[in-house]
Amino acid sequence: QEEVVIVGAGQAGAQAAQSLRQGGFEGPLRLIGDEPHPPYQRPPLSKKYLAGDIGSEALWLRPPAFFSTNAIDFIPNTRATAIDRSKKRLQLENGDTLSYGKLILATGTNARWLPLPGADKPGVVTLRSISDVDAIRAKLSECSALAIIGAGYIGLEVAAVAKSMGKRVTVIEAQDRPMKRVVSTPVSDFFTKLHQNNGIDLKLNASIETLEGDGHVTGVRLADGETVPAELVLIAVGAIPNDDLAHGAGLDVDNGVLVDGAGQTSDPYIYAVGDCTRFYSTRYERSIRMESVQNAIDQAKAVAQSILGADVDYDPLPWFWSDQYDIKLQIAGLSEGYDDTIVVGEPDDNKFYVAYLKAGQLIAVDSINAPRSHMMARRVIGELWRDDLLPDA
Ligand code: FAD
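A short tour of the structure in this document, coming up.

Cut-offs used in this document
- Residues numbered from 1 in each chain as written.
- Predicted model: local features only at pLDDT ≥ 70, side-chain atom pairs only at ≥ 80, totals over all residues.
- Heavy atoms only, no water.
- Helix = DSSP H or I, 4+ residues; strand = E, 2+ residues; numbered from the N terminus.
- Rg over C-alpha atoms; globule rule 2.2 N^0.38 Å.
- Buried < 20%, exposed > 50% of the residue type's maximum accessible area, 1.4 Å probe, protein only.
- Pairing = 2+ DSSP bridges.
- Axes fitted to C-alpha atoms, helices over the stretch in contact; angles between N-to-C directions.
- 1 Å grid on protein atoms, 1.4 Å probe; cavity = no way out; pocket = protein on both sides within 12 Å on 5 of 7 lines; lining within 4 Å.
- Points joined across faces, edges and corners; volume = space filled by probe spheres on them.
- Nonpolar A, V, L, I, M, F, W, Y, C, P; charged D, E, K, R; others polar.
- Polar contact = N/O pair within 3.5 Å; in protein donor to acceptor, adjacent residues only side chain to side chain.
- Contact = heavy atoms within 4.5 Å.
- Near = heavy atom within 4 Å.
- Areas by Shrake-Rupley, 256 points an atom, 1.4 Å probe, with all protein chains shown as cover.
- Expected span 1.5 Å × (residues − 1).
- Phe/Tyr/Trp six-rings, centres within 6.5 Å; stacked < 30°, edge-to-face > 60°.
- Core = buried A, V, L, I, M, F, W, Y, C linked by side-chain atoms within 4.5 Å.

1. A word on the overall build of the protein
In terms of helices and strands, the protein carries 9 helices and 26 strands. The C-alpha atoms of the protein give 22 Å as radius of gyration, which agrees with the globular expectation for 393 residues (21 Å, within 12%). Here the C-alpha coordinates of the protein stretch approximately 60 × 60 × 35 Å along the principal axes. Every one of the 393 residues in the protein was classed for burial, and the buried ones make up 52%.

Structure (structure tokens):
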């Protein structure tokens with residue numbers, strides 16, 4: 001069997017390597033990552049790891065011996081810089097080149113940066129990796145006030161942790177409600193109240209003029225004239241796919257590496273998996289790019305099967321979660337495009353769910369401290385879309 005090389009040693013890359021071996025792939029297998037750590041899970045970064053409840057080893061996806069035991073040549077601290085498709089060779093930053101039979105791109109995303117005036121000051125950070133969080137924790141321990149730009153999952157999770165450390169926390173959001181892109185008004189309203197009750201200053205409809213400070217950042221000046229004091233400013237406004245390696249090699253790219261249901265790019269010898277990919281979902285009748293553990297794992301399994309010769313057509317029912325204080329938000333399906341919602345249960349009891357309907361069909365459910373509803377929703381939404389169960393099938 002020809003060598004498989006995987007670029008990106010994160011959730012999806014590690015899963016692809018494991019699934020290839022489990023599926024019987026016996027050829028040479030290399031996993032290249034530009035971070036110093038073995039493959040690790042990112043969700044706890046903005047939760048328990050930031051809080052100091054767990055150490056970095058608890059983040060590792062596999063024990064270090066896993067790679068040698070499974071004859072996976074894991075190469076950390078090494079960045080891939082170019083692909084020569086005609087020679088099927090990968091160029092590494094350290095000058096080495098590697099030949100591949102099949103190449104899997106699992107390069108993930110990077111935190112989106114905001115080019116605000118003053119954003120280049122020390123004390124302005126983003127959060128994506130273990131080293132980002134190590135730096136943030138060191139700074140947090142010395143500062144009393146944190147400003148977070150962006151009320152998405154990561155921003156709100158960090159807000160909750162920083163508050164539990166006794167910090168003054170301000171969250172600055174351009175939209176009129178938190179997590180607007182992904183949840184409905186009742187869910188946003190619940191989280192607005194939750195954070196306000198915990199002492200977070202949540203500024204909605206806010207626009208930022210500049211980041212202030214002589215040298216180190218000292219605050220965020222808003223368009224209404226107010227300055228939010230902050231010795232640490234976290235920019236948490238989403239992520240952008242690491243698709244430049246693919247783009248540089250002339251592969252089809254459109255805010256993500258374009259892949260088909262087998263995870264194949266526009267080059268039949270190159271596949272892509274995880275956060276860096278965009279694919280057409282028959283289920284949602286549009287192209288989607290997911291940023292979730294579910295997608296990283298399931299798409300990597302599909303690609304491994306495909307490389308091993310199976311006929312696969314990956315079209316997942318997405319699911320996701322976020323932990324803030326003692327609240328667990330779980331999302332089944334994608335709610336975008338919904339035209340109706342039903343709220344079941346009492347938000348005031350910290351336990352309810354919201355069902356999203358589109359043209360009368362259930363497309364997604366957000367569950368708040370209601371894990372059984374979440375599991376049920378995943379089953380029901382998945383089943384509803386099976387063609388053989390449709391009335392006219
Ligand atoms: P990644 O895990 O990002 O791995 C990609 C790896 O490739 C990185 O190590 C990167 O450095 C490396 N790389 C990139 N380019 C190169 C190159 N040229 N050469 C070599 N290496 C390269 N998902 C959930 O479902 N639930 C959550 O609660 C949740 N919370 C999250 C909290 C945070 C703070 C973050 C950052 C993410 C969270 N996610 C969550 C998302 C989830 O972690 C990602 O969807 C998942 O990690 C994607 O896996 P991946 O392998 O595609 O990318």
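2. Remarks on the sheet that holds strand β3 (residues 72–75)
In space, the 5 strands of this open sheet follow the order β3-β2-β1-β7-β19, with parallel pairing throughout. Each end of this open sheet is capped by a strand with a single partner; those strands are β3 and β19 (270–272). Put simply, the sheet's adjacent strands are angled 20° from each other on average, direction ignored. In terms of strand pairing, strand β1 (residues 4–7) meets strand β2 (residues 29–32) through 4 bridges, oriented parallel. Bridge assignment links Val-4 to a residue of β2, and that residue is Leu-29.

3. A short note on the layout of surface pockets
Its boundaries defined by the atoms lining it, the second largest pocket holds a volume of some 280 Å³. Forming the walls of the second largest pocket are 13 residues, and the residues nearest its centre are Lys-47, Lys-48, Val-161, Asp-323 and Tyr-325. Broken down by element, the residue count for the lining of the second largest pocket peaks at 4 residues, all from helix α5 (residues 153–164). Within the lining of the second largest pocket, the residues separate by chemical class into 6 nonpolar, 2 polar and 5 charged.

4. So, the pairing of strand β24 (residues 340–346)
Looking at chain direction, β24 and strand β25 (residues 351–358) are connected through 7 bridges and run antiparallel. Within the sheet, the bridge partner assigned to Val-344 lies in β25 and is Tyr-353. In textbook terms, the turn of a hairpin is the stretch between consecutive antiparallel strands, and for β24 and β25 this stretch comprises 4 residues, one of which, Asn-350, has a positive phi near 60°.

5. Looking at the side chain of His-195
Inspection of the secondary structure assignment puts His-195 in helix α6 (residues 185–197). According to the relative accessible area criterion, His-195 is buried, its value standing at 1%. Among the polar contacts listed, one links the side chain of His-195 to the side chain of Tyr-325, at a separation of 2.9 Å. Discounting chain neighbours no more than four positions away, the residues touching His-195 are Leu-156, Ala-159, Ala-160, Ile-200, Gln-324 and Tyr-325.

6. Thoughts on the site of the ligand
By nearness alone, 32 residues border the ligand, and Asp-34, Glu-35, Lys-47, Arg-128 and Asp-275 come closest of all. In this structure, a nitrogen atom belonging to the ligand sits 3.0 Å away from a main-chain N or O atom of Ala-80. Between the ligand and Asp-275, the relevant distance is 2.7 Å, taken from an oxygen atom to a side-chain nitrogen or oxygen of the residue. When the ligand sits alone it has 1,000 Å² of accessible area, and the protein chains cover 95% of it.

7. Let's talk about α6
Taking 1.5 Å as the rise per residue, α6 with 13 residues should run 18 Å; its terminal C-alpha atoms sit 18 Å apart, in good agreement. Among the residues making up α6, those that are buried are Val-187, Ser-188, Phe-190, Phe-191, Thr-192, Leu-194 and His-195. Close packing links the buried residues of α6 with α5, β12 (201–203), β22 (319–324), β23 (327–333), β25 and β26 (361–368). Directly after α6, the chain includes Gly-199, whose backbone phi takes a positive value near 90°.

8. With respect to the packing of aromatic side chains
Given two aromatic rings, one states the distance between the centres and the angle between the planes to describe the pair. Throughout the structure, instances matching the rule amount to 9 aromatic pairs. For the ring pair Phe-279 and Tyr-314, a centre distance of 5.4 Å and an interplane angle of 55° mean the geometry is tilted. With a gap of 35 residues between them, Phe-279 in strand β20 (residues 277–281) and Tyr-314 in the loop between α8 (293–307) and β22 connect regions that are remote in the sequence. Relative to Tyr-356, the ring of Tyr-338 lies with its centre 4.9 Å away and its plane at 70°, an arrangement referred to as edge-to-face.

9. Observations concerning the sheet that holds β12
Judged by pairing direction, the sheet is parallel, and its 5 strands sit side by side in the order β9-β16-β10-β11-β12 without closing on themselves. Two strands in the sheet have a free side with no partner beyond their single neighbour: β9 (124–125) and β12. Pairing between β9 and strand β16 (residues 232–235): 2 bridges, direction parallel. Looking at β16, one finds that Val-124 is bridged to Val-233.

10. A closer look at the side chain of Asp-275
Tracing the backbone shows Asp-275 in the loop between β19 and β20. A polar contact of 3.4 Å, which involves the side chain of Asp-275, links it to the side chain of Arg-128. Excluding residues that lie within four positions of it along the chain, Asp-275 makes contacts with Gly-108, Thr-109, Arg-128, Pro-241, Arg-289, Met-290, Glu-291, Ser-292 and Asn-295.

11. Focus on the nonpolar core
Residues Ile-148, Val-171, Phe-191 and Leu-234 are the most contacted members of the largest nonpolar core, which totals 43 residues. At 6 residues, α5 tops the list of elements feeding residues into this core. When neighbours within four sequence positions are excluded, Phe-191 is seen to be in contact with Met-179, Gln-324, Ile-327, Leu-329 and Ile-368.

12. Let's talk about the environment of Ala-151
Its location among the elements puts Ala-151 in the loop between β10 (145–149) and α5. Expressed as a C-alpha distance, the spacing of Ala-151 and Glu-173, which sit 22 residues apart in the sequence, is 5.6 Å. Residues within four places of Ala-151 in sequence aside, it is in contact with Leu-156, Val-171, Ile-172, Glu-173, Pro-178, Met-179 and Leu-202.

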